[in-house]
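As a plain string of letters, each chain reads:
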Amino acid sequence: MLVTPGSSTTYETQCDFVFPFTARKGPFYMLDADRWKPSGNFEGNYLWLPYDFSATGAPTANYYQDWI
(Lines give C-alpha, C1' and ligand atoms only; values in the text may rest on other atoms or scores of the structure.)
Protein backbone atom coordinates (compact mmCIF):
# COMPACT_ATOMS: atom_id res chain seq x y z
CA MET A 1 0.00 0.00 0.00
CA LEU A 2 1.19 3.49 -0.80
CA VAL A 3 0.36 5.81 2.11
CA THR A 4 0.08 9.47 1.12
CA PRO A 5 0.04 12.73 3.13
CA GLY A 6 -3.13 13.22 5.21
CA SER A 7 -4.43 9.73 4.50
CA SER A 8 -4.03 6.21 5.83
CA THR A 9 -4.34 4.93 2.25
CA THR A 10 -3.39 6.14 -1.23
CA TYR A 11 -5.31 9.43 -1.35
CA GLU A 12 -8.29 7.73 0.34
CA THR A 13 -8.59 5.11 -2.42
CA GLN A 14 -7.94 1.43 -2.94
CA CYS A 15 -5.67 0.28 -5.75
CA ASP A 16 -7.28 -1.49 -8.69
CA PHE A 17 -4.12 -2.02 -10.72
CA VAL A 18 -0.86 -0.51 -11.92
CA PHE A 19 -0.72 -0.46 -15.71
CA PRO A 20 2.75 -0.56 -17.36
CA PHE A 21 3.44 1.42 -20.53
CA THR A 22 6.47 1.17 -22.76
CA ALA A 23 8.01 4.58 -23.47
CA ARG A 24 11.11 5.76 -25.30
CA LYS A 25 12.82 6.63 -22.01
CA GLY A 26 11.90 3.30 -20.39
CA PRO A 27 8.89 1.86 -18.59
CA PHE A 28 6.14 4.17 -17.35
CA TYR A 29 3.45 3.14 -14.87
CA MET A 30 -0.06 4.44 -14.24
CA LEU A 31 -1.94 3.75 -11.01
CA ASP A 32 -5.69 3.18 -11.22
CA ALA A 33 -7.49 3.34 -7.87
CA ASP A 34 -11.13 3.70 -6.86
CA ARG A 35 -12.84 5.69 -4.13
CA TRP A 36 -16.33 4.69 -2.95
CA LYS A 37 -18.60 6.89 -0.85
CA PRO A 38 -21.38 4.70 0.59
CA SER A 39 -23.72 7.54 1.59
CA GLY A 40 -27.25 6.73 0.42
CA ASN A 41 -26.66 5.91 -3.22
CA PHE A 42 -23.23 4.47 -3.75
CA GLU A 43 -20.97 6.93 -5.52
CA GLY A 44 -17.60 6.00 -6.95
CA ASN A 45 -14.70 7.85 -8.52
CA TYR A 46 -11.48 6.71 -10.11
CA LEU A 47 -8.05 8.13 -9.50
CA TRP A 48 -5.34 7.87 -12.18
CA LEU A 49 -1.81 8.84 -11.19
CA PRO A 50 1.66 8.38 -12.64
CA TYR A 51 3.37 5.77 -10.49
CA ASP A 52 7.11 5.46 -9.97
CA PHE A 53 9.56 3.36 -8.03
CA SER A 54 12.60 4.73 -6.21
CA ALA A 55 16.06 3.21 -6.62
CA THR A 56 15.29 1.00 -3.59
CA GLY A 57 11.98 -0.14 -5.12
CA ALA A 58 9.69 1.96 -2.90
CA PRO A 59 6.51 3.10 -4.73
CA THR A 60 5.73 6.79 -5.18
CA ALA A 61 2.77 8.59 -6.74
CA ASN A 62 2.31 12.30 -7.36
CA TYR A 63 -1.20 13.70 -7.11
CA TYR A 64 -2.48 15.99 -9.85
CA GLN A 65 -5.85 17.67 -9.43
CA ASP A 66 -6.09 18.35 -13.19
CA TRP A 67 -4.42 16.83 -16.23
CA ILE A 68 -3.50 19.28 -18.94
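Residues numbered from 1 in each chain as written. Predicted model: local features only at pLDDT ≥ 70, side-chain atom pairs only at ≥ 80, totals over all residues. Heavy atoms only, no water.

> Before we move on, could you go through the side chain of D32 and cite the residues and values that matter?
Along the chain, the position of D32 falls in strand β2 (residues 26–39). Buried and unpaired, D32 has no salt bridge, with R35 as the nearest side chain of opposite charge at 11 Å. (Helix = DSSP H or I, 4+ residues; strand = E, 2+ residues; numbered from the N terminus. Buried < 20%, exposed > 50% of the residue type's maximum accessible area, 1.4 Å probe, protein only. Lys, Arg positive; Asp, Glu negative; His and termini not counted. Salt bridge = Lys/Arg side-chain N within 4 Å of Asp/Glu carboxyl O.)

> Account for the nonpolar core, with residues named and values stated.
Counting seven residues, the largest nonpolar core is built from Y11, L31, A33, L47, L49, Y51 and A61. For this core, the secondary-structure elements that each account for two or more residues are β2 and β3 (41–53). In terms of residue count, β3 provides more of this core than any other element does, three residues in total. (Core = buried A, V, L, I, M, F, W, Y, C linked by side-chain atoms within 4.5 Å.)

> Which residues make up the confidence of the model for the chain, and what are the values?
For the chain, per-residue confidence averages 78 on the pLDDT scale, and residues scoring 70 or more make up 81% of the total. Within the chain, strand β1 (residues 14–23) carries the highest mean pLDDT (86), whereas strand β4 (residues 59–61) carries the lowest (79). (pLDDT = per-residue confidence, 0-100.)

> Describe in detail the side chain of D34, supporting the description with residues and values.
Within the fold, D34 resides in strand β2. There is no salt bridge for the buried D34, and the closest opposite charge comes from R35, which lies 8.5 Å off by N-O distance. Non-local contacts of D34, meaning those with residues more than four positions away in its chain, are made with T13, Q14, D16, N45 and Y46. (Contact = heavy atoms within 4.5 Å.)

> Please provide a residue-by-residue account of a nonpolar patch on the surface, values included.
Taken together, F17, F19, F21, F28, W36, Y46, W48, Y64 and W67 make up a surface patch of nonpolar side chains, about 1,000 Å² in accessible area. For the nonpolar patch, the elements supplying multiple residues, two or more each, are β1, β2 and β3. Counting residues per element, the nonpolar patch draws most heavily on β1, at three residues. (Patch = residues over 30% accessible without salt bridge, like charges linked within 9 Å, V, L, I, M, F, W, Y side chains within 5 Å. Areas by Shrake-Rupley, 256 points an atom, 1.4 Å probe, with all protein chains shown as cover.)

> Summarise the environment of L31; cite the residues concerned and give the values.
Position of L31 relative to the elements: it lies in strand β2. Linking L31 and Y51, residues 20 residues apart in sequence, is a C-alpha distance of 5.7 Å. With residues near it in sequence (within four places) discarded, L31 still touches T10, C15, F17, V18, L47, W48, L49 and Y51.

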